[in-house]
Amino acid sequence: MNQVHAQPRREWQRPLPSRTGRDWRLETFRLGLLFFASVIAVRLLVLQVFDHDAYAALAEGQHAMFRQLYPERGRILVRDYKDGAVVPLAMNQTLAFVYAEPRLVKDPKAAAAAVGKELGFDQEKTEELRKKLDQPKDPYEPIEHRVAAETGDRIRALALPGIRVSDERARLYPEPSLGGQLIGFLGFASDGSQKGKYGIEGNLDEVLAGTTGTLRSEKDISGRLIAVGDRSVEPAVNGADVLLTIDRAIQYAACTSLQKAVTKHRADGGSVVILNPDTGAVLAMCGTPDFDPNDYRSVGDVSTFNNPAIFATYEPGSIFKPVTVAAGIDVGAIGPNTTFEDKGEVKVDDRVIKNSDPTPRGIQTMTQALDESLNTGMVFAMRTMGRSTFVDYVKRFGFGEKTGITLDTEQGGDIRPLERKGEIFAATTSFGQGMTSTVLQMAAAYLPLANGGILKKPYIVDEIRYPDGRVEKTAPTDIRRVIETKTSRLVGAMLVSVVENGHGKQAKVPGYYIAGKTGTAQVPKPTGGYDADKTIGSFAGFGPVEKPRFVMVVRIDNPKDVKWAESTAAPLFGEIAAFLVKYFEIPPTRPL
């Protein structure tokens, strides 16, 4: 009998790994570990090297991060040319901000008394502070901003529970007497951010402000920063320093003299502009009433912020007459000795134009017309050269448009009446009536009279100094030749005659030939016509006439004691001019 042998039952067996092959699962695990380690290494490299500043700032605290994200505002500087020193008109300082966490204050009465004593609070303010501190559920109460750093340190040293002191950056104007309207101030925009307003602070706000940094970080669902999340900081770029063309000593002398003159004559205000005739650089610019930019909030009338030298347009009156004479001489229509008959008045269209003194003087030269400030002589000059030629020269001298100076709120003046039909408009413009200008525009128009015929662009920014070391230097700009050099010299000599023999005698400087012209302008009424009780006195000129070092225009608004510019503006011009020739160390050119 055949026996059948049953095959033994085998369990399924996993094949043993080959001695020469690799397990793909193990390799995958190893690659995963390597990749994860690489990610960690790269992340550590980013955290410790590339984002080091960001995390260092976070570790140091809120103030360090503030420094990373918020730039330092640039300074506004002026030179003292005598010793070469650079002096700040606007700079930054670190002050203290005192605040409280009332919920942590243990003894409100004692804390209020201690803090109030350091801050100089009276009894009433100390009691108000106690009430602020006596609020167990209140997490935050501001106490005082812009506290002196030393006072903040003393309050810190008290170590009072719930009383906090932090650093606060503030704008400081160390020399407010040199012109708040020129400097401007750092105020607040509608969104609560700080912003430069008026003057240099306003016009060059972006340059001074710099660029705010940025913080990018991952947040959780509640909006909180994730400690290990991606984070990077782009540091702030500090603002640039701005160096002005202003000479500190000249600015101080001009502003001081202006204030004295305005006070003496009980005037509503005044302004002064002094230019370098060779470059157009502004050496001084003052206005009054002025304000302290450290305390701009106390100014009751916002119009005080406007710089009158560039903002307040007015009918300049007789200081415009040299422009008319220069135009006539330049085209050969008249000369210094050209004569006309002065009858005290002249009829134009259906109007009668009179001199300030309507007494007929008979035959007069154009030099005498400037000496005695005869309106009839200017109408004669305008008619002789022709209306269209006259209008062309008015525009060539820069009237009717802004100078483009780097200051906020500049106005351009108005010569639109010259576009209207009728000879009367050109006739009144010939002696500075019916058109408007600013003090800066008048000073710019006198530049060609002083420097040989070239209209220069007035500028007040000498350099912009960027934090990376770049320096942007302003180069003097010639706008155009307005008159020939010969014309400039002839008009200069005629203006010396005004100071020596005419209405400008009080502008004299012993030992020097000064060229200039008075102007007593009428003030228009809103309802039409002119106010019989108000005048604006101006004096415009330059010196010494042989080689002018300055062009200056001064203005006194509505003096109450005397009416005529020869008694208000001319003496002010003479006082400042006497300072300038000494400051520039110019040797006298005539016997004292």
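Rules behind the numbers
Residues numbered from 1 in each chain as written. Predicted model: local features only at pLDDT ≥ 70, side-chain atom pairs only at ≥ 80, totals over all residues. Heavy atoms only, no water. Helix = DSSP H or I, 4+ residues; strand = E, 2+ residues; numbered from the N terminus. Contact = heavy atoms within 4.5 Å. Polar contact = N/O pair within 3.5 Å; in protein donor to acceptor, adjacent residues only side chain to side chain. Buried < 20%, exposed > 50% of the residue type's maximum accessible area, 1.4 Å probe, protein only. Arc of directions from axis to C-beta. Phe/Tyr/Trp six-rings, centres within 6.5 Å; stacked < 30°, edge-to-face > 60°. Lys NZ or Arg CZ within 6 Å of the ring centre and 35° of its normal. Salt bridge = Lys/Arg side-chain N within 4 Å of Asp/Glu carboxyl O. Core = buried A, V, L, I, M, F, W, Y, C linked by side-chain atoms within 4.5 Å. Axes fitted to C-alpha atoms, helices over the stretch in contact; angles between N-to-C directions. Parallel < 35°, antiparallel > 145°, perpendicular 65-115°, else oblique. Left-handed = near helix turned anticlockwise from the far one by under 90°. Nonpolar A, V, L, I, M, F, W, Y, C, P; charged D, E, K, R; others polar.

J.: Even after reading the chapter, I still don't get the environment of Ser-318, so can you show me in this structure?
T.: Mapping Ser-318 onto the fold places it in the loop between α11 (308-311) and α12 (321-330). A sequence separation of 200 residues divides Ser-318 from Thr-518, and the C-alpha atoms of the two residues are 6.3 Å apart. When near neighbours in sequence (up to four residues on either side) are disregarded, Ser-318 contacts Ser-373, Phe-431, Lys-517, Thr-518 and Gly-519. Here Lys-321 takes part through its side chain, which lies 3.0 Å from a polar atom of the side chain of Ser-318.

J.: Please clarify how helix α6 (residues 149-158) should be interpreted in this entry.
T.: Within the sequence span of α6, burial applies to Thr-151, Gly-152 and Ile-155. Seen along its axis, α6 keeps its buried residues to an arc of 100°; they face one direction. For α6, the exposed residues set more than 90 degrees away from the buried face come down to Glu-150 and Ala-157. Residues of α6 that are buried make contact with β2 (85-100), α4 (108-119), β3 (141-147) and β4 (163-172). Two residues or fewer past α6, Ala-159 is found with a positive phi of approximately 50°.

J.: Quick question: what am I supposed to make of the packing of aromatic side chains here?
T.: Each aromatic ring pair is described using two quantities: the centre-to-centre distance and the angle formed by the ring planes. Applying the stated rule across the entire model yields 14 aromatic pairs. Relative to Phe-305, the ring of Tyr-198 has its centre 5.3 Å away and its plane inclined at 40°; by these criteria the two rings are tilted. Of the two residues, Tyr-198 sits in the loop between β6 (194-197) and α8 (199-203) while Phe-305 sits in the loop between β11 (282-288) and α11, which places them 107 residues apart along the sequence. For Phe-305, a relative accessible area of 8% translates into the label buried. Judged by centre distance (5.5 Å) and plane angle (20°), the rings of Phe-340 and Phe-380 are stacked. Separated by 40 residues along the polypeptide, Phe-340 in strand β12 (residues 339-342) and Phe-380 in helix α14 (residues 375-385) bring together distant segments of the chain. On the basis of relative accessibility, which here comes to 26%, the residue Phe-380 falls in the partly exposed class. When the ring centre of Tyr-583 is taken as origin, the NZ or CZ atom of Lys-82, which lies over that ring, is 5.2 Å away.

J.: What exactly am I supposed to notice about the pattern of salt bridges here?
T.: When their charged atoms lie close together, side chains carrying opposite charge are able to pair. Under the criterion given, the structure shown has 32 salt bridges. Where Arg-248 meets Asp-80, a salt bridge forms, and the shortest distance between an N and an O atom there is 3.4 Å. Of this pair, Arg-248 sits in helix α10 (residues 248-264) while Asp-80 sits in strand β1 (residues 76-80), and the two are 168 residues apart along the sequence.

J.: Would you take a moment to explain the nonpolar core for this structure?
T.: Generally speaking, nonpolar side chains in soluble globular proteins are found buried as a group. The biggest cluster of nonpolar side chains holds 94 residues, and the ones touching the most others in it are Ile-200, Met-285, Phe-397 and Phe-399. Here this core gets nine residues from one element, more than from any other, and that element is helix α17 (residues 439-451).

J.: Looking at this structure, how should I read the packing of α4 against helix α5 (residues 123-133)?
T.: Between two packed helices, the angle of one axis relative to the other and the distance separating the axes together describe the packing. Put simply, α4 and α5 touch, their axes get as near as 8 Å, and they point 135° apart. The pairing of α4 with α5 is recorded here as oblique in orientation. For the pair α4 and α5, the sense of crossing is right-handed. Judged by residue contacts, Pro-108, Lys-109, Ala-111, Ala-112, Ala-113, Val-115 and Gly-116 of α4 engage Thr-126, Leu-129, Arg-130 and Leu-133 from α5. Per-class residue counts for the contact of α4 with α5 are seven nonpolar, two polar and two charged.

J.: Sorry if this is basic, but what is going on with the packing of α17 against helix α18 (residues 485-501) here?
T.: Their axes nearest at 7 Å, the elements α17 and α18 cross at an angle of 105°. One finds that α17 runs roughly perpendicular with respect to α18. Of the residues in α18, those in contact with Tyr-446, Pro-448, Leu-449, Ala-450 and Asn-451 of α17 are Ser-488, Val-491 and Leu-495. Residue composition of the contact of α17 with α18, grouped by class: six nonpolar, two polar and no charged.

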